[in-house]
Amino acid sequence: MDRREFAAFLPALLAGSPLIPENVEAQSVSLPVIESGVYKPTPPKNGSQEGHSSSQYLKGMLKAGNIRLEMHESTIQPGAQHEPVGTHLHSEIWLVREGTAELTTNGVARTMMAGDVGICVAGDKHFISNASDKPVTYFVVTVGPPE
């Protein structure tokens, strides 16, 4: 799956937005409204963990409804510790651009290679790690209520 196919897939994901509870209150942090257009990545920044870096594409609220959308691209170097195990109110989708990743959801590990897409629905415990001796780079799209 390339970026264009992934972009075509995103509206289908957002069609699931009626499943997001309406009673979720927005945080006091105000996020910008996302408009139609083109978004360029920020320069890569080192993550909170050694061996992780990320570039942000967008982060904000969709005009229709109480839906938060975020997209970033991350790279994990070989041998780097996996990200912390987490759960969220939002769902996450990963598209591996290069390398081999291991996506663990609710204790089940699955290998993802370039072109593969993984998803973690809201509330599931998960983490992603590098499963090779080369860097793994992947896009992440999060969609859900404000957190």
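The structure under discussion appears in the preceding block.
Before going into details, it helps to say that this report is about the structure given with it. Going along each chain's sequence as written, the residues are numbered from 1 onward. Local features in a predicted model are, by the rule used here, given only for residues with pLDDT of at least 70; side-chain atom pairs are given and counted only at 80 or more, and totals for whole chains, interfaces and linings are based on all residues. Neither water nor hydrogens contribute to the side-chain values; these are computed over all heavy atoms in the structure.

Now for the overall build of the protein. The numbering of helices and of strands both runs from the N terminus, where a helix is a DSSP run of H or I of at least 4 residues and a strand a run of E of at least 2. The number of helices and strands found in the protein is 1 helix and 10 strands. Seen in sequence order, the protein has helices and strands lined up from the N terminus as α-β-β-β-β-β-β-β-β-β-β. Residue exposure (1.4 Å probe, protein chains only): buried if accessible area is under 20% of the type maximum, exposed if over 50%, otherwise partly exposed. Out of the 147 residues belonging to the protein, those deemed buried represent 39%. Any two residues whose heavy atoms approach within 4.5 Å are treated as being in contact. The contacts of the protein with a sequence gap of at least 6 include a subset with a gap of at least 24, amounting to 68%. In the form shown here, the protein has an accessible surface area of approximately 8,600 Å², with 54% of it arising from carbon and sulfur atoms. Computed by Shrake-Rupley with a 1.4 Å probe, the accessible areas treat only the displayed protein chains as cover when residues are assessed.

With that settled, consider the pattern of salt bridges. One speaks of a salt bridge when a side-chain nitrogen belonging to Lys or Arg is within 4 Å of a carboxyl oxygen belonging to Asp or Glu. In this structure the tally under the stated criterion is 3 salt bridges. With a closest N to O distance of 3.4 Å, lysine 63 and glutamate 35 form a salt bridge. Of this pair, lysine 63 sits in the loop between strand S3 (52-62) and strand S4 (68-76) while glutamate 35 sits in the loop between strand S1 (33-34) and strand S2 (45-46), and the two are 28 residues apart along the sequence. We classify lysine 63 as exposed; its relative accessible area is 62%. With relative accessibility at 41%, the residue glutamate 35 sits in the partly exposed group. Here glutamate 70 makes a salt bridge to arginine 68, at a shortest N to O gap of 2.7 Å. By relative accessible area, which is 11% here, glutamate 70 ends up buried. The exposure class of arginine 68 is buried, given its relative accessible area of 9%.

Here we take up the pairing of strand S6 (residues 100-105). Along a regular strand, successive side chains alternate from one face of the sheet to the other. The buried fraction of S6 is high, at 5 of 6 residues. Strand pairing follows a simple DSSP-based rule, namely that at least 2 bridges must link the two strands. Sheet topology places S6 next to strand S7 (residues 108-113); 6 bridges connect them, and they run antiparallel. Within S7, the residue paired with threonine 105 across the bridge is valine 108. The turn linking S6 back onto S7 is made up of 2 residues, and asparagine 106 within it adopts a positive phi angle of 50 degrees. With 5 bridges connecting them, S6 and strand S9 (residues 126-130) associate as antiparallel partners. The residue of S9 that forms the bridge with glutamate 102 is serine 129.

Looking now at the sheet that holds S6. In spatial order, the strands read S7-S6-S9; together these 3 strands make up an open sheet with antiparallel pairing. Edge positions in the open sheet fall to S7 and S9, since each of these has one partner strand only. Taken pair by pair, the neighbouring strands of this sheet meet at an average axis angle of 25 degrees, ignoring direction. Between N-to-C directions, angles span 0 to 180 degrees; the directions come from axes that are lines fitted to C-alpha atoms, helices contributing only their stretch in contact.

If you trace the backbone, valine 141 turns up in strand S10 (residues 136-144). Here the alpha-carbon distance between valine 141 and lysine 59, two residues 82 residues apart in the chain, equals 9.7 Å.

Considering the arrangement of structural elements, one finds threonine 104 in strand S6. The contact partners of threonine 104, leaving out residues within four places of it in the chain, are Ala109, Lys125, His126 and Phe127.

In this section: the pairing of S9. Where burial is concerned, most of S9 is hidden: 5 out of the 5 residues are buried. Alternating residues of S9 divide into His126, Ile128 and Asn130 and Phe127 and Ser129, and every residue in both groups is buried.

Everything listed here is a matter of geometry and, on its own, says nothing about what the molecule does.
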